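Structural description and commentary
One letter stands for each residue in the lines below.
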Amino acid sequence: MSLVPLLIVLIHAFGFPKQEPVKASDQFTVYFFLLEDCKITQAYIPEINDLHKTFSSSRIEFKAVFSNPSSVPDSVYAFLDRYPLALDIVFDEDQMIAHRFNVRIMPEVIVYRHNKKQVIYQGRIDNWFVSLGKRRAKPTQRDLQNCLAQIHKGQVPVPYKTDAIGCFLENQ
C-alpha cells in the first residue's frame, strides 16, 4: 500500500494548494535562492550542478537567484569563478522574486509550474544540513531530486514544502 495518497490527503487537510497531476505540456522553473558568502550555499554547488545536469530539459529550466543586498555583480561573479554554476544567473536587487515566493533562507529552492502559476515545491534541497553548522555525512532525504523525478514521471510531487536551513536573506 502506497503512502502517497495518504500524504496528499494530509497536505490538503492542512490547507496547502491542491496539486494537479503533471502534464507533458507543463513548464517549470527551478529557482535556487543563493548567497555567495554563505558556507551552506557553497557546499551545495556540486549538488545543484548535478541536479541541473540530470533534470534540465525543454520543460524544466534552472535559475540561480541572488537577492541579498550584498549580492552585487562583482561579488557574485567572484563567487562563480570559485564555484562555477551551470545555471542562468538572476540578480534580484529589488527582491521582487524573493518576496513573491516569501523566501527568507538561502539556499532555498522553489519549483514553479508556469502554466498553473503555482509553486509545487518550496524548501530545502535535501536534509544534508540538520541545523546551522551541523550536517550529516550524506543526505537521507533528497527532497528536490524526488520532486523533479516525480515531475518527470507525471506525478504530483510530495511533500509540497520543507524547511530550508541556511543563511538569512537580509531585507533591503
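Right above here is the structure, for reference.
The shown structure was predicted, so the numbers you read here are calculated from the model rather than taken from an experiment.

Some points on the environment of Asp-50
- Among the structural elements, Asp-50 can be located in helix H2 (residues 39-55).
- Classification of Asp-50 as partly exposed rests on a relative accessible area of 45%.
- Through-space distance from the C-alpha of Asp-50 to that of Ala-86 is 9.4 Å; in sequence the pair is 36 residues apart.

A word on the sheet that holds strand S2 (residues 60-66)
- If you walk across this open sheet you meet the five strands as S3-S2-S1-S5-S6, and the pairing is mixed. Two strands lie at the open edges of the sheet, namely strand S3 (88-91) and strand S6 (118-123), each paired on one side alone. Taking each pair of neighbouring strands and ignoring which way they run, the sheet shows an average axis angle of 25°.
- Bridge analysis of S2 against S3 gives four bridges, and the strand direction is parallel. For Val-65, the partnering residue across the bridge sits in S3 and is Val-90.
- Sheet strands touched by H2: strand S1 (28-33) and S2. Its angle to S2, the strand with the most contacts, is close to 155°.
- Sitting on the sheet, helix H3 (residues 73-82) is in contact with S2 and S3, with an inclination near 155° to S3.

Focus: the pattern of salt bridges
- Going through the model one piece at a time under the given rule, you end up with six salt bridges.
- For Lys-63, the salt bridge is made with Glu-61, and the minimal N-O distance between the two is 3.7 Å.
- Its relative accessible area of 33% is what places Glu-61 among the partly exposed residues.
- The closest approach of N and O atoms between Asp-88 and Lys-63, which form a salt bridge, is 3.9 Å. With Asp-88 in strand S3 and Lys-63 in strand S2, this pair connects stretches of sequence that are 25 residues apart.
- Classification of Asp-88 by relative accessible area gives partly exposed; the value is 45%.
- Residues joined in a network through salt bridges with shared partners are Glu-47, Asp-126 and Arg-142.

Cut-offs applied
- Residues numbered from 1 in each chain as written.
- Predicted model: local features only at pLDDT ≥ 70, side-chain atom pairs only at ≥ 80, totals over all residues.
- Heavy atoms only, no water.
- Helix = DSSP H or I, 4+ residues; strand = E, 2+ residues; numbered from the N terminus.
- Buried < 20%, exposed > 50% of the residue type's maximum accessible area, 1.4 Å probe, protein only.
- Pairing = 2+ DSSP bridges.
- Axes fitted to C-alpha atoms, helices over the stretch in contact; angles between N-to-C directions.
- Contact = heavy atoms within 4.5 Å.
- Salt bridge = Lys/Arg side-chain N within 4 Å of Asp/Glu carboxyl O.

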